[in-house]
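# A look at the structure
Read off the chains here:
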6 protein chains.
Amino acid sequence: MKRIAIFPGSFDPFTKGHEDIVLRGLTLFDDIIVAIGYNSGKSQRYFPVEFMVEKIKETFKNQPSISVQTFSELTAEFAKRNKARYLLRGLRNTTDFEYENSISQVNRNLNPELESVFLITSPAFAAISSSIIREVHRYKGDVSSMIPYKL
Amino acid sequence: MKRIAIFPGSFDPFTKGHEDIVLRGLTLFDDIIVAIGYNSGKSQRYFPVEFMVEKIKETFKNQPSISVQTFSELTAEFAKRNKARYLLRGLRNTTDFEYENSISQVNRNLNPELESVFLITSPAFAAISSSIIREVHRYKGDVSSMIPYKL
Amino acid sequence: MKRIAIFPGSFDPFTKGHEDIVLRGLTLFDDIIVAIGYNSGKSQRYFPVEFMVEKIKETFKNQPSISVQTFSELTAEFAKRNKARYLLRGLRNTTDFEYENSISQVNRNLNPELESVFLITSPAFAAISSSIIREVHRYKGDVSSMIPYKL
Amino acid sequence: MKRIAIFPGSFDPFTKGHEDIVLRGLTLFDDIIVAIGYNSGKSQRYFPVEFMVEKIKETFKNQPSISVQTFSELTAEFAKRNKARYLLRGLRNTTDFEYENSISQVNRNLNPELESVFLITSPAFAAISSSIIREVHRYKGDVSSMIPYKL
Amino acid sequence: MKRIAIFPGSFDPFTKGHEDIVLRGLTLFDDIIVAIGYNSGKSQRYFPVEFMVEKIKETFKNQPSISVQTFSELTAEFAKRNKARYLLRGLRNTTDFEYENSISQVNRNLNPELESVFLITSPAFAAISSSIIREVHRYKGDVSSMIPYKL
Amino acid sequence: MKRIAIFPGSFDPFTKGHEDIVLRGLTLFDDIIVAIGYNSGKSQRYFPVEFMVEKIKETFKNQPSISVQTFSELTAEFAKRNKARYLLRGLRNTTDFEYENSISQVNRNLNPELESVFLITSPAFAAISSSIIREVHRYKGDVSSMIPYKL
């Protein structure tokens, strides 16, 4: 049976930290679906969903086992619908850990087949967050070292 | 002198984690007031205050020493007005701890008689948070295992 | 029914932080037993148990509801034997929290009647630890501001 | 060469915790610029920027080496423009630490000359945060013990 | 290529928390080697290595893809010698996280092929630690709910 | 007045993380004394003090403002004796932070003139600890990437 993992997030934007986790996850999983969660009702994203889908596809264009999708439902439902038994997640620090600890238990309650698998973000990328990138970008700072594609 | 405790929160919604703390607090305190803080100006709650008051009353209908109130003032003031010398609080993880550490010092400065008393949330409920429940409910997921009443 | 609490520890030595928790616990509990755990086999204490018993008794000599005992068994057993349904514990920081989180669950498994109740150490005393006092004392430093009795 | 430090923040409002860090920083740096970051687009401050500039100036009116500025650009850019090689920051707890850990790495990437220097907030002030002060002030509570000036 | 993982530890003793991680790891890996690290020089274990090997084998006797070995070398070397590209590790709390964060980076430096993969321990087992079990056992307490075999 | 800082530790051994902090501290302080604390009574070091003094001197042989000393007294006393008003310390993670938070308060109580100044260890070195190096070295692993000198 194929090992399919979802790598869910809002990816506003997708960062080099995200790329690091997905690439390292490739040895663990046969397929990885990068899944951009969005809420059609609220449109407060900084980078539009469609734009980000393009950029992530571009990032992994040489990796046939990585695909990109958007979803607007519970992650646990999206995983079931895609026959994915794993959520791949990165951990950067203790704040991430406490958040993921809660989320992963709830996901397992909603879908007992669903296992959350964690990799620790490489030190070179652990300081990068989507919110910091948005802040730097808003003030015209150079974010090119923090994202794996050109804006 | 009666030992009266306030169990304050926004309870949007009240969870099984909250219920766990209140029930365990019953052996410590003679009366516990579940106190829903709300801000009449801002109305960004997901579950209306009145609805939640009903649900919490229903949850504890067999516990005469537990009452439910709403308040729109400083917790330290509300406690004084109700002759309560204790704030009962649950701790789920280190993020909660750092937040409660600050809040409890400030409450003691505002009302030196007021003691914050902490219980650690039982493991079965530690992953539950009001914000996760709102998220699951928004997407029509099943939240019945996370709340002590029917929606 | 009397509310009896155990305040367990190795107290090598008892600090002003410990005193802070016990005194604040007095409003919650009818009796508090300060319980020095020791291991007859191992004798690697810095301050002898008997000496510390004397100093803690001296500290609380005007508080008839506080007593001092030594014990060499599981805390959960000692509590049961003393009809104590509560463990009183202080929390100084997140390191304490993670440790107490584990210990309190295990104590509840060993003795389901036993509730661990936490107060957060007052800021003025939160930096004090028994190990720091031993270190300062070993080098003839002044520890008088960190303990509630004279050495 | 003069050692110039920026003490950046939104300071909504400036607290006794902030004052503590700046005064202790005086022995490390020749000049300290208290720099209020604001976003002209968004105006969701509780205390207006101009008001806060006045209050901070008043607080340090006897300290010629402390000045106050506003800025609406990246902190790393503002520092460069002011020939400041240091960011002075206070740490209150682990939540602060995780946040500052990320921010300081990103600032060093944007401006490799820029060193972030940390002092740990004195215990008496560690519970104070701007958001708690706003909350207390909104409900007409007394915040005078948490700020170094009169409102 | 087979996905082989090492689950390393001192396992003094092996707990239900350890069992939880290994069983959940079975869906990720083709083979898991439970590897008891010991130091021939120091013999301060509470439970002898040979005894623990027997107990872990007994625990997994119906799981042909789980084997048990002892090792007395660097984990990174042991993994290489066993053609294992993964270290499987459980995370219980932030203290574990900070420790594993450091160890996993060092292991990757020693053996760049080696990926550390983390699962978060199920809440029911997160309070269990080998050191707590030793403490309870030393005082003749009942540890049967914390280990997956009979002592 | 010269700004003199102590960089205290047991340095068993001195690591690239330590070197990182000292070199970055050079822009803040006029003189830095790397101070190896040792306890003449206990001799459980892995690397002898004299050996480590040599290696640290060698590391900084081109930095005239960095000196190396050993001490066997309270850090606060050693600082006073050397007219140093600063302790320079590195922070790698939240575990370090909680420890340093306590120690720095106690040092200020012992010597109110003494200010602890913190830099966050660069990500490339944050995983390195003296205890990990000892472990790797004990098993003949390659530690050369973790120390700034040859063993």
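Scope of this entry: the structure provided in the associated data block.

About the cut-offs
Residues numbered from 1 in each chain as written. Chains lettered and ligands numbered in written order. Predicted model: local features only at pLDDT ≥ 70, side-chain atom pairs only at ≥ 80, totals over all residues. Heavy atoms only, no water. Helix = DSSP H or I, 4+ residues; strand = E, 2+ residues; numbered from the N terminus. Rg over C-alpha atoms; globule rule 2.2 N^0.38 Å. Buried < 20%, exposed > 50% of the residue type's maximum accessible area, 1.4 Å probe, protein only. Contact = heavy atoms within 4.5 Å. Areas by Shrake-Rupley, 256 points an atom, 1.4 Å probe, with all protein chains shown as cover. Lys, Arg positive; Asp, Glu negative; His and termini not counted. Charge placed at Lys NZ, Arg CZ, Asp CG, Glu CD. Salt bridge = Lys/Arg side-chain N within 4 Å of Asp/Glu carboxyl O. Polar contact = N/O pair within 3.5 Å; in protein donor to acceptor, adjacent residues only side chain to side chain. Buried area = accessible area lost by both parts, 1.4 Å probe. Nonpolar A, V, L, I, M, F, W, Y, C, P; charged D, E, K, R; others polar. Least-squares fit on C-alpha atoms with pLDDT ≥ 70 in both. Pairing = 2+ DSSP bridges. Right-handed = clockwise from strand over helix to strand, strands pointing away. Phe/Tyr/Trp six-rings, centres within 6.5 Å; stacked < 30°, edge-to-face > 60°.

Once that is clear, we can look at the overall build of chain A. In terms of regular secondary structure, chain A is built from five helices and five strands. Reading the helices (α) and strands (β) of chain A from amino to carboxyl end gives β-α-β-α-β-α-β-α-β-α. Taken against the 2.2 N^0.38 rule, which gives 15 Å for 151 residues, the C-alpha radius of gyration of chain A at 15 Å falls within 12% of a compact globule. Projecting the C-alpha coordinates of chain A onto the three principal axes gives extents of approximately 45 × 35 × 35 Å. Within chain A, the fraction of its 151 residues that count as buried is 56%. The long-range share in chain A, meaning contacts at least 24 apart out of those at least 6 apart in sequence, stands at 78%. A total of about 6500 Å² of accessible surface is found on chain A, and carbon and sulfur atoms cover 49% of it. Taken as two groups, the 20 positive and 17 negative side-chain charges of chain A have centres that lie 2 Å from each other.

Turning to the interface of chain E and chain A, a few remarks are in order. Contacts between chain E and chain A engage 28 residues on the former and 28 residues on the latter. Across the chain E-chain A interface, the total number found is four salt bridges. Note that A:D30 and E:R3 form a salt bridge whose closest N and O atoms lie 3.4 Å from each other. Where chain E packs against chain A, one counts 13 residue pairs in polar contact (both at pLDDT 80 or more). Elements that contribute at least two residues to the side of chain E that touches chain A include exactly β4 (86-91), α4 (94-110) and β5 (115-120) of chain E.

Here we take up the interface of chain F and chain D. One widely used convention gives an interface's size as the accessible area the parts lose upon coming together. In this complex, chain F contributes 28 residues to the contact, which on the side of chain D involves 28 residues. For the pair chain F and chain D, the summed buried surface comes to about 2300 Å²; carbon and sulfur atoms form 56% of the total. Its largest share of buried area at the contact with chain D, chain F owes to F:R3, F:F97 and F:I120, together 26% of the area lost on that side. Where chain F packs against chain D, one counts four salt bridges. Put simply, F:R24 and D:E115 hold a salt bridge, and the shortest N to O gap is 2.8 Å. Where the side of chain F that touches chain D is concerned, the elements lending two or more residues are β4 (86-91), α4 (94-110) and β5 (115-120) of chain F. For the side of chain F that touches chain D, a count of residues per class yields 10 nonpolar, nine polar and nine charged.

Before going further, it helps to spend a moment on the relation of the copies chain E and chain A. Turning chain E through 180° and shifting it by 0.0 Å along the axis lays it on chain A, with an RMSD of 0.0 Å. What the rotation and shift describe, once combined, is the action of a two-fold rotation axis. By C-alpha distance to the rotation axis, the residue of chain E lying nearest is E:F118, at 2.4 Å. The share of interface residues of chain E whose copies in chain A are also at the interface is 100%, consistent with both copies meeting through the same surface.

Moving on to the pairing of strand β1 (residues 4-9) of chain D. Residues in a regular strand project their side chains so that they alternate between the two faces of the sheet. Residues and elements named next belong to chain D. Counted residue by residue, β1 has five buried out of six residues, so it is predominantly covered. Note that β1 and strand β2 (residues 31-37) share six bridges and pair parallel. Residue pairing across strands places A5 opposite I32, the latter belonging to β2. Read as a crossover between parallel neighbours, the route from β1 over helix α1 (residues 16-25) to β2 is right-handed. Bridge count for β1 against strand β4 (residues 86-91) is two bridges, and the pairing is parallel. The partner of I6 across the bridge, within β4, is L87.

This part takes up the relation of the copies chain F and chain D. At an RMSD of 0.0 Å, chain F and chain D line up after a rotation of 180° and a shift of 0.0 Å along the axis. The residues that chain F uses at the interface reappear at the interface of chain D in 100% of cases, marking a shared surface.

Residue and element names in this part refer to chain D. For R45, the location among the structural elements is in the loop between β2 and α2 (49-59). Between the alpha carbons of R45 and S131 there is a distance of 11 Å; along the sequence they are 86 residues apart. In contact with R45, other than residues within four places in its own chain, are S10, F11, D12, I36, G37 and M52. A polar atom in the side chain of R45 sits 3.0 Å from the backbone oxygen of F11. Separated by 2.8 Å, the side chain of R45 and the backbone oxygen of F47 make a polar contact.

Here we come to the packing of aromatic side chains. Counted under the stated rule, the structure contains 45 aromatic pairs over all chains. Measuring from ring centre to ring centre gives 5.2 Å for D:F29 and D:Y86, while their planes differ by 45°; the resulting arrangement is tilted. Residue D:F29 is located in the loop between α1 and β2, and its partner D:Y86 is located in strand β4; the two are separated by 57 residues in the primary sequence. On the basis of relative accessible area, D:F29 is assigned to the buried category, the value being 2%. For the ring pair E:Y46 and E:F47, a centre distance of 4.8 Å and an interplane angle of 70° mean the geometry is edge-to-face. Judged by relative accessible area, E:Y46 falls into the partly exposed class, the value being 29%. Here the aromatic residues A:F7, A:F11, A:F14 and A:F60 are joined through ring pairs into a cluster of three or more.

Okay, the pattern of salt bridges next. For the structure on display, the rule yields 60 salt bridges over all chains. Its salt-bridge partner being E:E135, residue E:R138 comes within 3.1 Å of it at the nearest N-O pair. Within this pair, E:R138 and its partner E:E135 are both found in helix α5 (residues 130-138), separated by three residues, close to a single helical turn. On the basis of relative accessible area, E:R138 is assigned to the partly exposed category, the value being 34%. Looking at E:E135, the relative accessible area reads 37%, which means it is partly exposed. It is possible to trace a salt-bridge network through shared partners that takes in A:D20, A:R24 and E:E115.

This brings us to helix α1 (residues 16-25) of chain E. Residue and element names in this part refer to chain E. Of all 10 residues in α1, eight are buried, a share of seventy percent or more. Of the residues making up α1, those classed as buried are G17, H18, E19, D20, I21, V22, R24 and G25. A distance of 3.0 Å separates the backbone nitrogen of G17 from a side-chain oxygen at the start of α1, and that oxygen is part of T15.

None of the figures reported here should be taken as evidence of function without further support.
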